[in-house]
Structure formats: C-alpha cells, structure tokens
Amino acid sequence: MPAFKKGEKVWSPVPIENNWEVVNYSVCEVKEIVGYNVLLKNGNTEFQVPGAILDKVKKPKKKLKQGDVVLVNLGMSSEWGKLEKVKKDSLVVVFLWANEVERKIVKPEMVKILPDKKAVPGAPLIYKKNNKWKFGQLIYSIEGKTCLIGFAGKLEFIANHNTHYQKYSRKFSVKKRVWIPWLNYLEEGKVLKILPEGVGYEVLYFNHPRAKFRNPRKLSFARVVKPLG
C-alpha cells in the first residue's frame, strides 16, 4: 500500500482536463488510497496514479543557498528557477515565465532541489528518439526505462541510455554554441545575451530566419544545453 495520508501534499504528473494526452508536473493533494494507486486532487481535477511514482512534499534536507537550482510549484504546473533569497521560513525563486523574469515567494517545502546531472523527478533532461535529441521533464526512471513529459505535454517512455541530465552549474557565455529546443527537437544556436539573475538566455537559432519573439528568443537556463558532439 502507498505510504501516504489523506491531505498530504505530493509531487505528481497532472493530466490537463482529466486527459493524459497533455501532462504537467506539480504539487497535488492526497484524497484517498485506492489499492496501489493514490487518488489526487489538483485544482478541480481529480485523478489516480501509482503511489510508487509520487514524491512527498517536504523541506529539503540540504541547506539551501542563493543560486541553487530548483523546481517551483505554480499551481497546475511548475517551472525551473534559481533561489534569489533564502530565509528560514520562505524563499524567493526567480524564473523566466512568458518572456519575463518573475519572482515567487514560497515555503521551502514548495521547491525541489535539482543537483547537477541527477535523475530527480521533475528535472529537465534531453533524450534521443528516432536519432534526434529532444527536451523533456523527468517523471520517473525504473527498470531501464524513463517516463518523461515531452513536447506539448506528451508522455514518452525512453530507454535510460538515451537520456542525458544537465549540469546546471555550467554557465554559457555570449556567442557560445548551444543546443536549444525548436518545437519537438533540439537545434543548434548561440547565446546572444545572458538574462538577469542567470534565469536564462536570449538565443539565436542558426537554421531559421529572424522573426519577432521566435528568433532570437528568450529561454530558461534549463532549456539551454551543451551540445553532445
């Protein structure tokens, strides 16, 4: 039986409008244990998932510090950001949202710490499918397979050897060659500008014409990766 109690908060994949064709990852409330599954609630949506893929919401064991990379809960979704201020009972997380640098004050338990190159549920990753590298968000990894959220919220199941996790402490300089998402795969580009607080970069795609809001564009630091080759 899953070791959760009614009313507890957990990190979980979330089906949008009760449809698993589009999935987010965020904090939910436990409503009931149903065999090996857990009935969860997020907003007005209730759904069941296996208890084995859930993470309890809890205060990080590691001492938090400015600049730590985290996943922050935003209601029906979540986003990767960095800690700007750390207090005993609250954190200020800074992140890129809709092309703007945003800040959110949260309790320490409302973030997940993301260490470099670790398979932590909710972490960004890149993965290879049909000989192309793509960008996604980890849900869980077990028995040689990784379940992740891919382009447009689609669930993907990928062999572990075709996944790669990032080194968040790596910072890219202006003019640096990088891989960046273009629709459902990664393309080559270069860094034009470093955004405030290190939340992301303004990048230029090599293989597309310049177009307002599309090329160049702003991307979260989590979505800008070192080329593999």
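Quantities reported herein were computed from a predicted structural model and do not represent experimental measurements.

(A) Seen up close, the sheet that holds strand β3 (residues 37-42). Read across the sheet, five strands follow the order β4-β3-β2-β1-β5 without closing on themselves; strand pairing throughout is antiparallel. Bordering the open sheet on either side are β4 (45-50) and β5 (55-56), each of which pairs with just one other strand. Relative to β5, strand β1 (residues 9-16) is paired through two bridges, and the arrangement is antiparallel. Looking at β5, one finds that Val 10 is bridged to Lys 56.

(B) Here's a closer look at the sheet that holds strand β10 (residues 111-113). Taken in spatial order, the five strands make up an open sheet running β9-β8-β7-β6-β10, and their pairing is antiparallel. One side of each edge strand has no neighbouring strand; the edge strands of this open sheet are β9 (100-106) and β10. Between one strand and the next, the sheet's axes are offset by a mean angle of 40°, whatever the strand orientation. Two elements, strand β7 (residues 78-86) and strand β8 (residues 91-97), share four bridges in a ladder whose sense is antiparallel. Note on β8: the bridge partner recorded for Lys 85 is Val 92.

(C) Up close: the pattern of salt bridges. In the structure shown here, the tally under the stated rule is 10 salt bridges. For Asp 55, the salt bridge goes to Lys 112, with nearest N and O atoms at 2.8 Å. Residue Asp 55 is found in strand β5, and its partner Lys 112 is found in strand β10; the two are separated by 57 residues along the sequence. Of the residues examined, Lys 112 reaches a relative accessible area of 9% and is grouped as buried. Residue Arg 223 is joined to Glu 79 by a salt bridge in which the shortest nitrogen-to-oxygen separation is 3.2 Å. Of this pair, Arg 223 sits in the segment after β19 (217-220) while Glu 79 sits in strand β7; the two residues are 144 residues apart in sequence, bridging distant segments of the chain. Note on Glu 79: relative accessible area 7%, which makes it buried. Connected through salt bridges with shared partners, the residues Lys 62, Lys 65 and Asp 68 form a single ionic network.

(D) Fine view of the environment of Asn 37. Note on placement: Asn 37 falls in strand β3. Judged by relative accessible area, Asn 37 falls into the partly exposed class, the value being 27%. Between the C-alpha atoms of Asn 37 and Ile 142, which are 105 residues apart in sequence, the distance is 17 Å. Ignoring anything within four residues of it in the chain, the contact list for Asn 37 reads Pro 2, Gln 48, Val 49, Pro 50 and Gly 51.

(E) Region of interest: the nonpolar core. Leu 40, Leu 54, Leu 114 and Val 224 are the most contacted members of the largest nonpolar core, which totals 44 residues. A per-element tally of this core places strand β2 (residues 19-34) first, with five residues. The residues touching Val 224, leaving out its near neighbours within four places in the chain, are Gln 166, Phe 172, Val 178, Trp 179, Ile 180, Tyr 201, Val 203 and Leu 219. Within the second largest apolar cluster, 10 residues are counted, among which are Val 72, Leu 83, Phe 95 and Val 111.

(F) Representation of unusual backbone geometry within the structure. The amide bond that connects Asn 215 to the next residue, Pro 216, takes the cis arrangement and shows omega of 5°. Structurally, Pro 216 can be placed in the loop between β18 (200-205) and β19. Notably, Asn 131 is not glycine yet its phi reads approximately 65°, a positive angle. Within the secondary structure, Asn 131 is located in the loop between β11 (124-129) and β12 (132-142). Residues other than glycine seldom take positive phi values, yet Glu 143 does so here, at roughly 50°. Mapped onto the fold, Glu 143 is located in the loop between β12 and β13 (145-149).

Rules used in this analysis
Residues numbered from 1 in each chain as written. Predicted model: local features only at pLDDT ≥ 70, side-chain atom pairs only at ≥ 80, totals over all residues. Heavy atoms only, no water. Pairing = 2+ DSSP bridges. Helix = DSSP H or I, 4+ residues; strand = E, 2+ residues; numbered from the N terminus. Axes fitted to C-alpha atoms, helices over the stretch in contact; angles between N-to-C directions. Salt bridge = Lys/Arg side-chain N within 4 Å of Asp/Glu carboxyl O. Buried < 20%, exposed > 50% of the residue type's maximum accessible area, 1.4 Å probe, protein only. Contact = heavy atoms within 4.5 Å. Core = buried A, V, L, I, M, F, W, Y, C linked by side-chain atoms within 4.5 Å.

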